[in-house]
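What the coordinates show
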Amino acid sequence: MLLLLLPLLPLLATIPHLCSAASLIISIPPSTQLPNPNALPPSTHATLLSGVAQVPRISTPLTARSTIEFHNLTRPASSDSSAQSYLLTISALSHVFACYRVDIIPGGGSADGGAVIEGIWETYPGSAWSDRGPILGGKAAQGGGASGSVVNSAGSSSKGPGPEREQEQIVRIDAKVLSRRDFYEQRAGFNPLGLLMNPMVLLGAVAMAITFGMPYLMDNIDPDLKAEFQEQQKNGPLAGMHSALQAAASGVSSSGVDLREGGGARRR
Amino acid sequence: MRLNALLSLFLSSISSVHSILADEAYHIDYHHALLGIPQAETTFFHQPSASSNASLLYTISEKAIIGAVNPKDGSVVWRQSLADPLPEPASVVEEAVKLPDEEQQKALRSIGPAKAGLLAEEGSGFVVSYYGSAVSAWDAMNGKLAWQRLMPQGQHVKSALLIPSGRDTSSSSAVDVLVLHGTEGGTVTRLDASSGAVVWEYEDRSGASPRYLASTKNSIYYVSEQSAVLAANSMKIVSLDTENGREDKGHVLKVDEVVTVTSCPNAAFISGHGRSPRSMKVNVLGSDKVNTLNLERSNDGEIEAVSILPGCGDSSPSHILVHVQTRDGAWAEVFNIDSESAEVRKAYSLPYLKAKDAFAVSIIDGKPHFTRITDVEIELYSFASGIVVARWPRNQPSFGGPGHAQAEVVLRGQSNYAIRISEVATGGEWTLMRNGELVWSRPEMLAHVVAAAWVDDVSGEALAHELDFEGHENPLRAYTHRLKRHLRDLEYLPAWLQQLPSSVTSGLLTSKAETEKGLLGHKLLVVATSTGQHVALDPAKAGAIKWKRLAQAASDEARAVSLYVHDGVVTSYVDRLGIMTINATDGRDISFDQSDAHFTGVIIAPGPVAPVAYRISRDGQPNTTAISDVARDGTYLVTRSASGQEVQGWMVGRSNIKLWTFSSAAGSRITNVVARPAHDPVSSIGKVLGDRSVLYKYLSPNLVLITSTKRDSFTIYLLDSITGTILYSATHQDADTSSPIPSVLSENWFTYSFFGTSDAKSPSKCHQLVIVELYESPIPNDRGPLGSSSANYSSFSPGSITKPHTITQSFVITQPISHMSVTQTAQGITSRQLLCTLPDLNAIIAIPRYLLDPRRPVDRDPTREEIEEGLFRYSPVLDLDPKFFLSHSREVVGIQKIISAPTLLESTSLVFGFGGLDVFGTRVTPSKAFDVLGKGFNKLALIGTVAALGLGTAVLAPMVRRKAVERGWRL
């Protein structure tokens, strides 16, 4: 059914209106972040916000052709200034799109109410309004070699009676997908390697190695060396500690001061 | 207090990023994706694609949401809001600043309310809707826009039809759309349904107001109402040529008050009746003959409502079913319409039933069949005979009685009927029944929720009461009391012992979700709709409905409702209806006081015995319900007048005294007043800095934040609510005041958000989020004037109010925020999160508080001490990380209010959003779940580790003992 609709697209026209109006067609091309634009949710929409309370916001949903189309863009009657600058945002829950600046100025041939898109630029949140990217489309782009295509077509689809139609400006731009929204964080699962990295486990492993490994080591060792080692052990730190303990028990020792202080601390 | 401070410091340091874990999404949160209550004329079964036999249920609801629902499980396939993308007339936007003048009001009135309609043709692949001034075609499968056509501003679409296009169907659509719009003198436009291009237009320049369109196979009829001065209640009917839209012929018809126009392939007719319909007049369009149908039956009481259901088969004659309702019962009359002679003849009547019922028409083999749905059963009448051909008992009555229904009937063999009924009950529940069995039900009344309150489980309160008693008595009495309590408890011992083995085994095997429910506490949510209904949702059971109560008095008016819960009793204050008290556990009525109650809001104040409700009148005056029932003396209230001109401070008690009035500046309007949440515990009175000095927070329970908007600027005022002193104010120029400016106040900080130009010198159109923190003094370890013990401090005298030291930072956000709230936990030790509704993304987001620290160093890297404090470099753009989205990939539409409640666990806060359309609930752990084991905790691994350790000990113990013995012998 959609395929059937496609050839008829150029016929799309607005209701006959006394003033000329501009149309803005944003298409969403496939990209690495968004390989299939048809997968975008139907709630995807674009909004034109001026920031002036008297100028209402304009919002339009995604079409089945993966485009977002603003038709009949006019200058608001109550606006004081001749030109109106809009922030164009494209909102989709699944993807983040770039923001654009859209300037609409009077024009289009008719004296009042006519509007022409002066230009569309990419804009960056947090930067000044005059800090903008290269021009993407609009009247100002026609002079320079801009990347966007500008189609100024005379409304030709009117078949029935109605007021004579004036020139209608159609500006087409491609929307840029900045990123995909990833809402979820994977829970760190059970990791045996991570468990081994634990210092307590490492200490335990070393202790186990000594407990089980030492007897084997001792058994396999040269008998002479073993005897020497045992001799050393007798006179070694263990023996020294034994004598120290005995001395402490009797109350006279070279290191008695330290021990008494420790005892005092314990009492306190 | 110090421990708390340390704890919160510790928590803020560990709370790097809280995010939704993939295995918790869809388990901890629940969501009712709603459409609003479906309307009778715009709800039907329709096959979206010609290749498949499966059909979807399409509807446009009262909320102007178009959507498709899968009849198998009741899930929403797609939905779109029709009301949003329409550019409203500028005067409506202006209303935010000043009321429209008389001329504009008149213009608005003449446009009339927006009318919604939904059209579909089998096999076309799209559905066409009209609402307000827009006609849109939507892809029937995925809900994306095919085309949209806006009528000139200020002209609403009155009616629309689908007519056969008569063109070659291989390259274009088989149908065209016929649209009637305009106010004084209508315009009929024929649109190509595949592209929306105009085929022809017919303009009526007579000045009559357009009403209806009707069509038959051969012609189109345009019905307009003559202006009242010339000829009251007369309709002009013009027939148009389908090919070129030229006027064929016209005639004027005198009709009654209530008129409906119905189209069938063979005949279109207009019917009308007076206010109390005893008879009905029917005219087949194209002829002058008016048939009068008698509807009265003997001794059945006054007829209250009459509705017409067309039963258009392909063959002539066409049939209509007139559904007649009296106060106690209903019946139906079936008429035949002969298009040749333009005569309407009565065929037969369907019997009177002393019950509420609904009728649905379905066509089987080109012949209409009528389905009658009551609370008890479903009857299928064959047209030919008017007798029941099939009957199914219903296993469940509808909520509030059958409202309207649509039926899909399949005939297998000679007389084996199968029926699928979509029924919208008067109570707002949308159900689907297959042969009388309930398949699913959608609680569409929840789309109208205006108030919600948490109900605590009261079962544990009795024990708490007794323990409290024991704590306050003398030791002997307390001991005997306790002994008696334990003796009483003994009677539950056998039962407890009996279920002990099973509880032990189940404790090992139960899922974590079950255990968590016990830890979080059994909270219930009671919500009230603008239609006066009350529903209880169980957050622990994925938001399932526990009980539902119908409105006390049926009314379609939107009302303000305030809910208050105390001791398991819900008190609901409904504007212009009265006060209802409902048992929170089962939803049964306790009392209903239908006293004259007009109010804009209700404030609950502590009273000497029980809390007292103060109703706020339109001018901001607080009134109690009973004269004797007053709040404790020295209770302070802040009210706002409905006009948005004044905020008033009151002292209530035995007498109500107005203390101060805050009037908005000339040309501005107070749009928002917020106070600190009722439950807003502060764990630490200061902020510990990196060098261990303390910055004392400005903590006052009496703070009010007021937003006052002008044409293109707004001002935020922070007021002391007892003295009315302005503590802080900030004005933003060039802000968009037509979009909401949400704000929230908690602890010692407040935030607000708006859209505007950030700076006059370098304008930038962006959404901004501003955070302001209040401290007692700019110097650490100094309490300012409060610190000196000699000064007497009173919060009642305006002179002694000290102004806070404020630190402000502003961030650029890429999304607008429409509502703000803050998480609440039991002790306030857990760091807070800012809960925001993002209307453009249909999402709810939780922004961690540490990101919004106004003390973040600007244009330099943080020092070592600042890093220790958890501060990092300021960046102007606040990235709304997708991991912050509480609603993750759910589309939560139209949330206007978010409420939060503490649980038994300090780490966890319950969140519930409602208001515009959907309801959504979840729970958040802003500092991660530090007091409960997460899903990552593996019970088996723990048991395995302990077993392995035990085994190791068992193996090693004899070895070590042997070694010790050997060593003993050696020494």
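What counts as what
Residues numbered from 1 in each chain as written. Chains lettered and ligands numbered in written order. Predicted model: local features only at pLDDT ≥ 70, side-chain atom pairs only at ≥ 80, totals over all residues. Heavy atoms only, no water. UniProt positions renumbered as here; feature names shortened; annotations may be inferred. Contact = heavy atoms within 4.5 Å. Buried area = accessible area lost by both parts, 1.4 Å probe. Salt bridge = Lys/Arg side-chain N within 4 Å of Asp/Glu carboxyl O. Polar contact = N/O pair within 3.5 Å; in protein donor to acceptor, adjacent residues only side chain to side chain. Helix = DSSP H or I, 4+ residues; strand = E, 2+ residues; numbered from the N terminus. Nonpolar A, V, L, I, M, F, W, Y, C, P; charged D, E, K, R; others polar. Pairing = 2+ DSSP bridges. Phe/Tyr/Trp six-rings, centres within 6.5 Å; stacked < 30°, edge-to-face > 60°. Buried < 20%, exposed > 50% of the residue type's maximum accessible area, 1.4 Å probe, protein only. Patch = residues over 30% accessible without salt bridge, like charges linked within 9 Å, V, L, I, M, F, W, Y side chains within 5 Å. Areas by Shrake-Rupley, 256 points an atom, 1.4 Å probe, with all protein chains shown as cover. Lys, Arg positive; Asp, Glu negative; His and termini not counted. Charge placed at Lys NZ, Arg CZ, Asp CG, Glu CD. pLDDT = per-residue confidence, 0-100.

Looking at an unreviewed UniProt entry, one finds chain B named ER membrane protein complex subunit 1 and attributed to Endocarpon pusillum. UniProt, in the comment section headed Subcellular location (unreviewed entry), describes chain B in these words: "Endoplasmic reticulum membrane". The UniProt entry for chain B carries the following comment under Subunit (unreviewed entry): "Component of the ER membrane protein complex (EMC)."

As recorded by an unreviewed UniProt entry, chain A carries the name ER membrane protein complex subunit 7 beta-sandwich domain-containing protein and is attributed to Endocarpon pusillum. On record in UniProt, under Subcellular location (unreviewed entry), the comment for chain A is "Membrane".

**So, the interface of chain B and chain A**
Contacts between the two partners involve 71 residues from chain B and, on the opposite side, 59 residues from chain A. Of the roughly 5,900 Å² buried at the junction of chain B and chain A (both faces included), carbon and sulfur atoms supply 58%. Counting the surface chain B buries against chain A, the share from its top three residues, B:Lys144, B:Lys765 and B:Asp840, is 12%. Inspection of the chain B/chain A interface yields one salt bridge. Taking the shortest distance from any N to any O, the salt bridge between B:Asp840 and A:Arg57 comes out at 3.4 Å. At the boundary of chain B with chain A, the tally comes to 15 residue pairs in polar contact (both at pLDDT 80 or more). Secondary-structure elements contributing two or more residues to the side of chain B that touches chain A are strand 1 (20-21), strand 6 (76-81), helix 2 (90-94), strand 9 (134-139), strand 10 (145-150), strand 14 (198-203), strand 57 (765-775) and helix 10 (939-970) of chain B. The element best represented in the side of chain B that touches chain A is strand 10 of chain B, accounting for five residues. For the side of chain B that touches chain A, a count of residues per class yields 31 nonpolar, 23 polar and 17 charged. Bridge analysis of strand 13 (residues 184-185) of chain A against strand 1 of chain B gives two bridges, and the strand direction is parallel.

**Quick look at the packing of aromatic side chains**
Overall, the coordinates contain 17 aromatic pairs over all chains when judged by the stated rule. Centre to centre, the rings of A:Phe183 and A:Tyr184 are 6.3 Å apart; their planes meet at 70 degrees, and the pair counts as edge-to-face. Among the residues examined, A:Phe183 registers a relative accessible area of 5% and is labelled buried. Ring pairs connect the aromatic residues B:Phe714, B:Tyr728, B:Phe750, B:Tyr752 and B:Phe754, which therefore count as one cluster.

**As for the environment of A:Val171**
Residues and elements named next belong to chain A. Structurally, Val171 can be placed in strand 11 (residues 167-174). Taking relative accessible area as the criterion, Val171 reaches 0% and is therefore assigned buried. Between the C-alpha atom of Val171 and that of Glu69, which follows or precedes it by 102 residues, the distance is 10.0 Å. The contact partners of Val171, leaving out residues within four places of it in the chain, are Ser23, Leu24, Ile25, Ile117, Ile120, Gly137 and Gly138.

**Details of the pattern of salt bridges**
One side chain can pair with another of opposite charge once the charged atoms of both are near each other. Residue and element names in this part refer to chain B. Summed over the entire model, instances satisfying the criterion amount to 37 salt bridges over all chains. Among the salt bridges present, the one from Lys541 reaches Asp538, with a minimum N-O distance of 3.7 Å. Lys687 serves as the salt-bridge partner of Asp853, at 2.9 Å between the closest nitrogen and oxygen. Taken together, the residues Asp853 in the loop between strand 61 (843-848) and helix 9 (864-869) and Lys687 in strand 50 (residues 686-688) connect sequence positions 166 residues apart. Connected through salt bridges with shared partners, the residues Arg676, Asp680, Lys697, Glu747 and Arg832 form a single ionic network.

**Comments concerning a positive patch on the surface**
Side chains of A:Lys234, B:Lys963, B:Arg967 and B:Arg970 sit close together on the surface and give a patch of like positive charge. If one sorts the elements of the positive patch by residue count, helix 10 of chain B sits on top with three residues. Along the polypeptide, B:Arg967 turns up in helix 10.

**Details of the side chain of A:Gln169**
Residue and element names in this part refer to chain A. Turning to its location among the elements, Gln169 is positioned in strand 11. Residue class for Gln169 comes out buried when judged on its relative accessible area of 6%. Within the structure, Gln169 has its side chain in polar contact with the backbone nitrogen of Ile117 (distance 2.7 Å).

**Details of unusual backbone geometry**
Residue and element names in this part refer to chain B. Located in the positive-phi region is Asn781, a residue other than glycine, with phi close to 60 degrees. For Asn781, the position within the fold is in the loop between strand 57 and strand 58 (805-813). Using a relative accessible area of 52% as the deciding quantity, one classes Asn781 as exposed. The phi torsion at Lys928 lies on the positive side, around 65 degrees, for a residue other than glycine. Among the secondary structure elements, Lys928 is positioned in the loop between strand 64 (919-924) and helix 10.

**Section: the confidence of the model for chain A**
All names here are of chain A. Here chain A averages 72 in pLDDT, while 64% of its residues score no lower than 70. Per-element confidence in chain A ranges from a low mean pLDDT of 38 for helix 1 (residues 2-5) to a high of 94 for strand 6 (residues 95-97). A low-confidence stretch, residues 1-18 stays under pLDDT 50, and its non-local contacts, those more than four residues away or across chains, total 39 contacts. Confidence drops under pLDDT 50 across residues 144-166; counting only partners more than four residues distant or on other chains, this segment forms 39 contacts.

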